[in-house]
Amino acid sequence: MIATVWSRFRGSLDYYSAMFAVFAVGVLAPVVMIVLAIAGAPNILVAVLGIAFAAVLFVIGVPLVPAEWREVVRTKKIWVRVLWSVPIVLVVAILARLTQFILDAHNTDASLSPDDDFLVKKTHLSGYISGALMAEHDPGNLYNRHRYDSPDADSVLPGVAPQDRDAYLYPPPFLLLPRLLLLFSHDFATLRALWYSLYVAVVLIGMLAIARWIGGRQGAVLAALTPVVWISLPTLATLQIGNIHVLVLYIGVVGAMVLFELRRNLLGGAALAFAIVAKVSPAILVVYLLAQRRWKPALWTGAWCGIYSAATYLVFGWEPWRQFLADGTWKRLASGEFHQWVLEQRSNQLVNYSPFGLPYKANIMGWDIGDPTGPARLITNVYTLLLVVLVAVTALRLRRRVDAGATGARLRAEQVVVWLAVLTLASFRAPFGPWVYITVGALWMLAAYAGLMRATARNIAAVTVVWLILALYTENVYFTLVAQFLMYLACFALALRAANGTEPAETPSGAGQSEPEPIGAA
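The structure presented is a predicted model; accordingly, all values stated were derived computationally and were not measured.

A separate point is the overall build of the protein. For the protein, the count of helices and strands is 26 helices and zero strands. Against the globule reference of 24 Å for 522 residues, the protein gives a C-alpha radius of gyration of 23 Å, in line with a compact fold. Expressed as a percentage of its 522 residues, the buried residues of the protein come to 55%. Sequence separation of 24 or more characterises 77% of the internal contacts of the protein that already satisfy a separation of 6 or more. Accessible surface for the protein amounts to roughly 21,500 Å². Of this, 66% is attributable to carbon and sulfur atoms. Seen as two clouds, the 39 positive and the 30 negative side-chain charges of the protein have centres 12 Å apart.

In this section: unusual backbone geometry. Trans peptide bonds make up most of the peptide bonds, and negative phi angles are found at most residues other than glycine. Geometrically, the link from alanine 161 to proline 162 is a cis peptide bond, its omega value of 15° lying close to zero. The phi dihedral of arginine 263 is positive, around 65°, even though this residue is not glycine. Mapped onto the elements of the fold, arginine 263 is located in the loop between α13 (245–261) and α14 (265–279). Backbone geometry at arginine 293 places phi at a positive 55°, although glycine is not the residue there. Within the secondary structure layout, arginine 293 lies in the loop between α15 (284–291) and α16 (295–316). A relative accessible area of 54% places arginine 293 in the exposed class.

Attention now moves to empty space enclosed by the protein. One pass over the structure, following the stated rule, counts two cavities of 30 Å³ or more. Roughly 50 Å³ of volume is contained in the largest cavity. Lining the largest cavity we find Ile102, Thr123, Leu125, Arg192, Trp195, Tyr196, Leu239, Gln240, Ile241 and Gly242. Going through the elements one at a time, α10 (188–214) and α12 (233–241) are the ones with two or more residues in the lining of the largest cavity. Across the lining of the largest cavity, the residue classes break down as six nonpolar, three polar and one charged.

Take glutamine 415: it is sitting in helix α23 (residues 409–427). Under the relative-accessibility criterion, glutamine 415 is labelled buried at 4%. Along the backbone, glutamine 415 and valine 203 are 212 residues apart, and their C-alpha atoms lie at a distance of 19 Å. For glutamine 415, the contacting residues outside a window of four places in its chain are Trp213, Glu261 and Leu398.

A pair can form between side chains of opposite charge whenever their charged atoms are brought close. Applying the stated criterion across every chain yields a total of 12 salt bridges. In this structure, the salt-bridge partner of aspartate 166 is lysine 122, at a minimum N-O distance of 2.8 Å. Linking aspartate 166 in the loop between α8 (145–148) and α9 (176–181) with lysine 122 in the loop between α6 (117–121) and α7 (124–137), this pair joins segments that are 44 residues apart in sequence. The exposure class assigned to lysine 122 is partly exposed, which follows from its relative accessible area of 21%. The closest approach of N and O atoms between glutamate 414 and arginine 401, which form a salt bridge, is 2.8 Å. In this pair, glutamate 414 sits in helix α23 while arginine 401 sits in helix α22 (residues 373–403), placing the two residues 13 residues apart along the sequence. For glutamate 414, a relative accessible area of 0% gives the class buried. Among the charged side chains, a network of salt bridges with common partners joins Asp14, Arg70, Glu71 and Arg74.

This paragraph deals with α23. Helix length check: α23 (19 residues) gives 27 Å between terminal C-alpha atoms against 27 Å at 1.5 Å per residue, within 8%. Summarising burial for α23: 18 of the 19 residues are buried, a large majority.

Another aspect to go through is the packing of α13 against α23. With their axes 11 Å apart at the nearest point, α13 and α23 run at an angle of 145° to one another. As for the relative orientation of α13 and α23, their crossing is right-handed in sense. Residues His245, Leu249, Tyr250, Val253, Val254, Met257, Val258 and Glu261 of α13 lie in contact with α23, whose contacting residues are Gln415, Trp419, Leu420, Leu423, Thr424 and Ser427. Its residues assigned to classes, the contact of α13 with α23 shows nine nonpolar, four polar and one charged.

Before going further, it helps to examine the side chain of asparagine 265. Structurally, asparagine 265 can be placed in helix α14. Once residues within four sequence positions are removed from consideration, asparagine 265 is found in contact with Phe260, Lys296, Pro297 and Trp300.

This paragraph deals with the packing of aromatic side chains. Tallied over the entire structure, the rule returns 24 aromatic pairs. With a centroid separation of 5.8 Å and 85° between ring planes, the pair formed by tryptophan 195 and tyrosine 199 is classed as edge-to-face. Here tryptophan 195 pairs with tyrosine 199, and both are found in helix α10, just four residues apart, close to one helical turn. Tyrosine 199 carries the same exposure label as tryptophan 195, and that label is buried.

Right, let's get into the packing of α13 against α14. At a closest axis distance of 8 Å, the pairing of α13 and α14 adopts a crossing angle of 150°. Taken together, the axes of α13 and α14 lie roughly antiparallel to each other. Read as a crossing pair, α13 and α14 show a hand that is left-handed. Contacts between α13 and α14 involve His245, Val248, Leu249, Gly252, Val253, Ala256, Leu259 and Phe260 from the former and Asn265, Leu267, Gly268, Gly269, Ala271, Leu272, Phe274, Ala275, Ala278 and Lys279 from the latter. In the contact of α13 with α14, the residues fall into 12 nonpolar, five polar and one charged.

Its 15 residues place the ends of α14 21 Å apart at the C-alpha level, agreeing with the 21 Å of an ideal helix rising 1.5 Å per residue. With 12 of 15 residues buried, α14 lies mostly within the body of the structure. Listed as buried for α14 are Asn265, Gly268, Gly269, Ala270, Leu272, Ala273, Phe274, Ala275, Ile276, Val277, Ala278 and Lys279. On its buried side, α14 packs onto α9, α13, α15 and α16.

Another aspect to go through is the environment of arginine 81. With respect to the helices and strands, arginine 81 occurs in helix α5 (residues 78–103). Separated by 65 residues in the primary sequence, arginine 81 and tyrosine 16 place their C-alpha atoms 9.0 Å from one another. Once you skip the residues sitting within four places of it in the chain, arginine 81 turns out to touch Tyr16, Val73, Arg74 and Lys76. There is a polar contact of 3.0 Å between the side chain of arginine 81 and the backbone oxygen of lysine 76.

Thresholds, definitions, all that
- Residues numbered from 1 in each chain as written.
- Predicted model: local features only at pLDDT ≥ 70, side-chain atom pairs only at ≥ 80, totals over all residues.
- Heavy atoms only, no water.
- Helix = DSSP H or I, 4+ residues; strand = E, 2+ residues; numbered from the N terminus.
- Rg over C-alpha atoms; globule rule 2.2 N^0.38 Å.
- Buried < 20%, exposed > 50% of the residue type's maximum accessible area, 1.4 Å probe, protein only.
- Contact = heavy atoms within 4.5 Å.
- Areas by Shrake-Rupley, 256 points an atom, 1.4 Å probe, with all protein chains shown as cover.
- Lys, Arg positive; Asp, Glu negative; His and termini not counted.
- Charge placed at Lys NZ, Arg CZ, Asp CG, Glu CD.
- 1 Å grid on protein atoms, 1.4 Å probe; cavity = no way out; pocket = protein on both sides within 12 Å on 5 of 7 lines; lining within 4 Å.
- Points joined across faces, edges and corners; volume = space filled by probe spheres on them.
- Nonpolar A, V, L, I, M, F, W, Y, C, P; charged D, E, K, R; others polar.
- Salt bridge = Lys/Arg side-chain N within 4 Å of Asp/Glu carboxyl O.
- Expected span 1.5 Å × (residues − 1).
- Axes fitted to C-alpha atoms, helices over the stretch in contact; angles between N-to-C directions.
- Left-handed = near helix turned anticlockwise from the far one by under 90°.
- Phe/Tyr/Trp six-rings, centres within 6.5 Å; stacked < 30°, edge-to-face > 60°.
- Parallel < 35°, antiparallel > 145°, perpendicular 65-115°, else oblique.
- Polar contact = N/O pair within 3.5 Å; in protein donor to acceptor, adjacent residues only side chain to side chain.

Structure, rendered in structure tokens:
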């Protein structure tokens, strides 16, 4: 067996398969080392087993790289191939360094930006874990944000120093996930390292699996651009602070839609339902399913929502539900009332890319808006209506194309573009939609759309400029407004374009079999 594995490795090894494997190994090897460290293994054993794991995974992984993935890079110019290699090396180096901060929060020099107080002290997991413990021991204060930073909070909640503790701001069923994590440990440092390991592994495997599901040249381009998505500031920052958004809403929901396409309705419903009960906004894809008259996926999603809700009651009782529903917490979250304390700070007003935040930015620019709450709610309602129309239109157009015989990698890539665009736009429906983790969906969407475009200089330049504006951030109100509107425009426009079909010259059947040269990894 070893001889067979080695023979396959030697037969598949070239620069391109090696670099894909380096990317995967470079991300997963530190994860294994973190798990060994929190399990109590000596440092020398952690190092030896980590190196051994990396070597074995590299030998096994090289033959698993699809031929299309290698060829889509091999056929590009030398400068494109060099540029493609750079983010892979950078991601591996950055995550290797970040591992030290994950294992020791006092080691701030290993943070992505040691001078950034937000990145050093922010940990969303503290809110998740604290919420689960609060629901068990002091359920009446689950949604009382002042309880989480009160002097006696440590009597109920785990100490998270030197980082700050978050408050719990999610629907009750999301409590099931942190409660599951608490089965492994009640030590926050251990849970933080475990959460990071789970997060990184699932996001990487999920992104590459979706690229493989797309297949063909479109899937190969998405796979080749995955390291570029990872090297962006939103992705790296999200990995460090551990916000659930990318894991549950992007990987989980797109994975659910893929499962629906594969007729795995039970599993797809479980994934989509959990995202809905955790973040609410993914419910927009139920509209998508209903518009396409896909009753089984919609019913399974509804059934799993009921199962998660019942499980929450069995584990935590009625009090979390009473506060969320009867006490009107959900209304305060949806209307923006619950986030007023967040939006009082200028830095939060700038980083908020939600349409709800536009009147706040108008005040920063010197316009006399007065109380921004009323205009913010009106703008959000108009935005929501446009989003629902977009979902219905794209769902119907894709359904008509499938009924007409459209199939293949191009169609699958177009579906992924639509799903990611819709999920990104729906995420900004919340009153506070931070740039950092929500933008990952738009960057991933651009990577998926790149494989549907011709590799002209204008197309490459346009995608590169938009990508850079979205992937970077500066506390300048005009920059954030430009980036915000670019993100809306890109998501709306590319979703409609993908739903209509990106084939330059559609065949009469609409199947769209010819595939123009896609953008490479530039």
